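What follows is each chain in one-letter form.
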Amino acid sequence: QVQLVESGGGLVQAGGSKRLSCAASGRTFNMNTMAWFRQPPEKEREFVSEIRWSDGRTYYADSVKGRFTISRDNAKNTVYLQMNNLKPEDTAVYYCAVVIYSEYKYWGQGTQVTVSS
């Protein structure tokens, strides 16, 4: 099993920046991809970004392209999400997830990001 712990959320003004972290522990050697999702208030969870563990290839949702950057530190089993030029519509609970054998099998508890006007 894999345990995921997100951190770095909080309140930020529009146009500001935040960096989220997700630390993985447990049986991490079978991880294929790590990803970030988010769930705005009273809306469904949506995909944000992902990074392939082996070579660092990345993918982003159109809503965050050019503003968010995902990265990883293999030695620390940690993935980061650098969020720049934040907008009020970015307000959500952000979740870290791990892909094992083509499935988002493990999820963190989430961290709240609130962007004010």
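Only a predicted model underlies this, so the values are computations on that prediction, with no experimental measurement involved.

A. How the structure looks around the overall build of the protein chain. Secondary structure summary: the protein chain contains zero helices and 11 strands in total. Rg of the C-alpha trace for the protein chain: 13 Å, near the compact-globule value of 13 Å for 117 residues, within the 12% margin. Dimensions of the protein chain, computed from C-alpha atoms along their principal axes, come out at roughly 40 × 25 × 20 Å. Across the protein chain, every contact between residues at least 6 apart in sequence was considered, and the portion connecting residues at least 24 apart equals 51%. Of the roughly 6400 Å² of accessible surface on the protein chain, 44% is carried by carbon and sulfur atoms.

B. Just the nonpolar core, in detail. In this structure, Leu-4, Met-34, Trp-36, Leu-81 and Tyr-94 are the most contacted members of the largest nonpolar core, which totals 28 residues. In terms of residues, this core owes the most to one element, strand β9 (residues 92–100), which gives five residues.

C. Spatial organisation of the pairing of strand β8 (residues 78–83). Counting buried residues in β8 gives five out of six residues, a clear majority hidden from the surface. Examined bridge by bridge, strand β3 (residues 18–26) and β8 share six bridges and lie antiparallel to one another. Counterpart to Cys-22 in the pairing with β8 is Val-79. Pairing geometry for strand β7 (residues 68–73) and β8, over six bridges, is antiparallel. Its bridge partner lying in β8, Arg-72 is registered against Val-79. Remark: four residues form the turn of the hairpin made by β7 and β8, two consecutive strands paired antiparallel; Asn-77 in that turn has positive phi of roughly 50 degrees.

D. Spotlight on the pattern of salt bridges. Tallied over the full model, the rule gives five salt bridges. The salt bridge involving Asp-90 is made with Arg-38; its shortest N-O contact spans 2.9 Å. Remark: Arg-38 occurs in strand β4 (residues 33–39) and Asp-90 occurs in the loop between β8 and β9; sequence separation between them is 52 residues. The exposure class of Asp-90 is buried, given its relative accessible area of 1%. In this structure, Asp-55 and Arg-52 form a salt bridge, with 2.5 Å as the shortest nitrogen-oxygen distance. Judged by relative accessible area, Arg-52 falls into the partly exposed class, the value being 31%. Connected through shared salt-bridge partners, Arg-38, Glu-46, Arg-67 and Asp-90 make up one network.

E. Examining the sheet that holds β8 more closely. With antiparallel pairing, the four strands of this open sheet are ordered in space as β1-β3-β8-β7. Each edge of the open sheet carries a strand with a single partner, namely β1 (2–7) and β7. Strand-to-strand twist across the sheet, computed as the mean angle between neighbouring axes with direction ignored, equals 15 degrees.

F. Looking closely at the state of the cysteines. Going through the model one piece at a time under the given rule, you end up with one disulfide. Here Cys-22 is linked by a disulfide to Cys-96, with a sulfur-sulfur distance of 2.1 Å. As the torsion about the S-S bond is roughly -85 degrees, the Cys-22-Cys-96 disulfide counts as left-handed. In this pair, Cys-22 is assigned in strand β3 and Cys-96 in strand β9, connecting sequence segments 74 residues apart.

Calculation rules
Throughout, residues of each chain are indexed from 1 in the direction in which the sequence is written. Two thresholds apply to this predicted model, a pLDDT of at least 70 for residue-level local features and 80 or more for giving and counting side-chain atom pairs, whereas whole-chain, interface and lining totals are computed over all residues. Water and hydrogen atoms were dropped before computing side-chain values, which therefore reflect all heavy atoms in the structure. Strands here are runs of E lasting at least two residues and helices are runs of H or I lasting at least four, both read from the DSSP assignment and numbered beginning at the N terminus. Only C-alpha atoms enter the radius of gyration, while the globule expectation follows 2.2 Å times N to the 0.38, with N the number of residues. Any two residues whose heavy atoms approach within 4.5 Å are treated as being in contact. Values of accessible area rely on a 1.4 Å probe in the Shrake-Rupley scheme; residue burial ignores everything except the protein chains shown. By convention a nonpolar core is built from buried Ala, Val, Leu, Ile, Met, Phe, Trp, Tyr and Cys residues, the set being connected through side-chain atoms within 4.5 Å. Buried residues are those whose accessible area, probed at 1.4 Å on protein chains only, stays under 20% of the maximum for their type, while exposed residues exceed 50% and partly exposed ones sit between those limits. Here a strand pair is declared whenever DSSP counts at least two bridges between the two strands. Any carboxyl oxygen of Asp or Glu within 4 Å of a side-chain nitrogen of Lys or Arg constitutes a salt bridge here. Only the contacting stretch of a helix is used when fitting its axis, a line to C-alpha atoms as for every element, and angles between N-to-C directions run 0 to 180 degrees. In this description, the term disulfide denotes a pair of cysteine sulfurs within 2.5 Å.

Structural measurements only, silent on function.
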